[in-house]
Amino acid sequence: MEHTPHQHDSLQPHLAHWAGLRRDLHAHPELRFEEHRTADVVVRELASLGYAVTRGLGGTGVVASLPGSDPQRGIVLRADLDALPITEANDFAHASCSHGVMHACGHDGHTVMLLGAARVLRQMPTLAGSVHFVFQPGEEGGAGARKMIEDGLFEQFPTEAVFGMHNWPGLPAGQFGLRTGPIMAAGSRLKITITGKGAHAAQPHLGLDPIPLACSMVLQCQTIAARHKDPVDPAVISVCMFHAGDTDNVIPDRAELRGTIRTLSSTLQQKLQEDIRRMCHALADAYGAQVEVEFFQYYPATINTPAETDFCERVIRTTFGDARIRTGIPANMTSEDFGFMLEERPGTYVLIGNAPQDRSSHSLHHPRYDFNDDIIEEGVRYWVALAQSYFGSGLNGATPTSR
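Fair warning: this is a prediction, and the values are worked out from it, not measured in the lab.

A. A look at the UniProt feature "domain: Peptidase M20 dimerisation" (unreviewed entry) in the chain. Look at the UniProt record and you will see "domain: Peptidase M20 dimerisation" (unreviewed entry) annotated at residues 190-284. End C-alpha atoms of residues 190-284 are separated by 17 Å, and the span's content is 39% helix alongside 32% strand.

See below:
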């Protein structure tokens, strides 16, 4: 069951502009909280449509609202702005102009799909509530969602539900995936610094070698993941950096480990952090060394609420047909700071397939990744149908039942 043909046809004149805009953003990527040019492009597009724009939330964030008949009702549709510190390996015309910075996660596409929805909804009759288009900075490790919330996002823009969308190379182009409950993991970075005493490699008894202790901590981290939690609760503890010493005949006086912890439960995330901290200090005490354990860049689990997820499923089925949706998709152990918004308001985070049918696609964060412009139309149609349906002006008024 497809949406009415005239709405589909109304997008056609804009597709070339949206694809060109997306490629312009791809060619000019900016890291978290440095998205000044990107924000300028967003503001220019929104202003050309007649929107009043609020800047500065979260630093470089941009918010525009489509007023509804009831100013106290509103929903947030969110896109992310920032790129990654990755050197692009593509050689097409719109490859990154900034060495070492790349849109390797598709935030350029997310931004353009939301701008497209802002254009289409602006041309339609007034809805019962307001639609807040939120262009968020600093998703990649900066917790930009939390910063926008702390800067008063929900106070300035009354919001009863929040909705996010991310492209997914693991799904065919134009397919949608969603699930109730956790869809992305809680995550935090860890840094363990072990301080011993340096010595000549031939005289280890005169020093206190931190390397064996660091090796024990790496192994014990895996024991914690395997034995300190219920086996049916997913968790991944990965030690990804190990640095000690600068030459091959000197025992260093310190070693440093870095990695990540990811779980589908924010409560379990906190428990594992405490387990790691306790384990490191106990081993260091037994060894006679000093240790410092730090956890940072925490993201909560991205947990979709039931009523809003059921609603989004109905929107997708009615707009695109039953064959275009995959429900109950497996949760992913990557992290996403949209979880901060879902801690404050009910809502749903969906995946839209990015994999092209005629060529192989690269995974997110790969130096040869590129957003598939063919899905811009589907993304715009989803956002438009969601906003119309939420406020009862489409899809037979398929508003979430929790209200």
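B. View of helix α11 (residues 376-390). Compared with the 21 Å implied by 1.5 Å per residue over 15 residues, the 21 Å span of α11 between its first and last C-alpha is a close match. In terms of residue burial, α11 counts as a mostly covered element, since 15 of its 15 residues are buried. Once α11 finishes, Gly-392 follows within two positions and takes phi at roughly 75 degrees, a positive value.

C. Broad picture of the nonpolar core. Core analysis: the biggest nonpolar cluster contains 86 residues, and Phe-133, Phe-135, Phe-163, Met-341, Tyr-382 and Leu-386 have the highest contact counts within it. Ranked by the residues each element gives to this core, the list is headed by α11, at 9 residues. In this view, Tyr-382 contacts Met-165, Phe-176, Cys-312, Val-315, Ile-316, Phe-320 and Val-350; residues no more than four positions away in its chain are not counted. Ile-192, Ala-255, Leu-257 and Leu-268 belong to the second largest nonpolar core, which has 24 residues in total.

D. Broad picture of the packing of helix α9 (residues 306-320) against α11. Two elements in contact, α9 and α11, have axes separated by 10 Å at closest approach and are oriented at 120 degrees. What the angle tells us is that α9 and α11 run oblique. For the crossing formed where α9 meets α11, the hand is right-handed. Residue-level inspection shows Phe-311, Cys-312, Val-315, Ile-316, Thr-319 and Phe-320 of α9 in contact with α11, the latter providing Glu-378, Arg-381, Tyr-382, Ala-385, Leu-386, Ser-389 and Tyr-390.

E. Just the pattern of salt bridges, in detail. Counted under the stated rule, the structure contains 20 salt bridges. The shortest N-O distance in the salt bridge between Arg-258 and Glu-256 comes to 2.9 Å. Overall, the relative accessible area of 27% leaves Arg-258 in the partly exposed class. By relative accessible area, Glu-256 is classed as buried at 18%.

F. Inspection of the packing of aromatic side chains at higher detail. Enumeration over the complete set of coordinates arrives at 10 aromatic pairs. With 5.4 Å between their ring centres and 45 degrees between their planes, Tyr-382 and Trp-383 make a pair best called tilted. There is no split in this pair, since Tyr-382 and Trp-383 are both buried. One aromatic cluster is present, formed by Phe-163, Phe-311, Tyr-390 and Phe-391 through successive ring pairs. When the ring centre of Tyr-51 is taken as reference, the NZ or CZ atom of Arg-122 above it lies at 4.8 Å.

G. Region of interest: unusual backbone geometry. Residue Phe-33 is not a glycine yet carries a positive backbone phi of 65 degrees. Using a relative accessible area of 26% as the deciding quantity, one classes Phe-33 as partly exposed. For Ala-143, which is not a glycine, the phi torsion comes out positive at approximately 50 degrees.

H. Local environment of the packing of helix α4 (residues 107-122) against α11. Contact geometry of α4 with α11 gives a least axis separation of 8 Å together with a crossing angle of 50 degrees. As the angle between them shows, α4 and α11 are arranged oblique. For α4 against α11, the interelement crossing comes out right-handed. Residues Val-112, Met-113, Leu-114, Gly-116, Ala-117, Val-120 and Leu-121 of α4 touch α11, and the partners they reach there are Ile-376, Gly-379, Val-380, Trp-383, Val-384, Ala-387 and Gln-388. Its residues placed into classes, the contact of α4 with α11 shows 11 nonpolar, 3 polar and no charged.

I. The sheet that holds strand β5 (residues 161-172), seen in detail. Judged by pairing direction, the sheet is mixed, and its 8 strands sit side by side in the order β1-β2-β4-β3-β5-β16-β6-β14 without closing on themselves. If you trace the sheet from one side to the other, it starts and ends with β1 (53-55) and β14 (325-327), each paired once. Sheet twist, expressed as the mean angle between neighbouring strand axes with direction ignored, is 25 degrees. Summarising the sheet, strand β2 (residues 62-66) and strand β4 (residues 130-136) pair through 5 bridges and their orientation is antiparallel. By the bridge assignment for β4, Ala-64 is matched with Phe-133. Strand contacts of α11: β3 (74-80), β4, β5, β6 (176-178) and β16 (347-355), with the helix running at about 150 degrees to β5, the strand carrying the most contacts.

J. Structural detail: the environment of Glu-139. Counting through the fold element by element, Glu-139 comes out in the loop between β4 and α5 (144-150). For the pair Glu-139 and Asp-246, spaced 107 residues apart in sequence, the C-alpha to C-alpha distance is 35 Å.

K. Summary view of the environment of Leu-351. Structurally, Leu-351 is set in strand β16. A relative accessible area of 4% places Leu-351 in the buried class. Here the alpha-carbon distance between Leu-351 and Ile-325, two residues 26 residues apart in the chain, equals 9.9 Å. Setting aside its immediate chain neighbours within four residues, Leu-351 contacts His-166, Trp-168, Leu-171, Gln-175, Phe-176, Gly-177, Ile-183, Met-184 and Ile-329.

Thresholds applied
- Residues numbered from 1 in each chain as written.
- Predicted model: local features only at pLDDT ≥ 70, side-chain atom pairs only at ≥ 80, totals over all residues.
- Heavy atoms only, no water.
- UniProt positions renumbered as here; feature names shortened; annotations may be inferred.
- Helix = DSSP H or I, 4+ residues; strand = E, 2+ residues; numbered from the N terminus.
- Expected span 1.5 Å × (residues − 1).
- Buried < 20%, exposed > 50% of the residue type's maximum accessible area, 1.4 Å probe, protein only.
- Core = buried A, V, L, I, M, F, W, Y, C linked by side-chain atoms within 4.5 Å.
- Contact = heavy atoms within 4.5 Å.
- Axes fitted to C-alpha atoms, helices over the stretch in contact; angles between N-to-C directions.
- Parallel < 35°, antiparallel > 145°, perpendicular 65-115°, else oblique.
- Left-handed = near helix turned anticlockwise from the far one by under 90°.
- Salt bridge = Lys/Arg side-chain N within 4 Å of Asp/Glu carboxyl O.
- Phe/Tyr/Trp six-rings, centres within 6.5 Å; stacked < 30°, edge-to-face > 60°.
- Lys NZ or Arg CZ within 6 Å of the ring centre and 35° of its normal.
- Nonpolar A, V, L, I, M, F, W, Y, C, P; charged D, E, K, R; others polar.
- Pairing = 2+ DSSP bridges.

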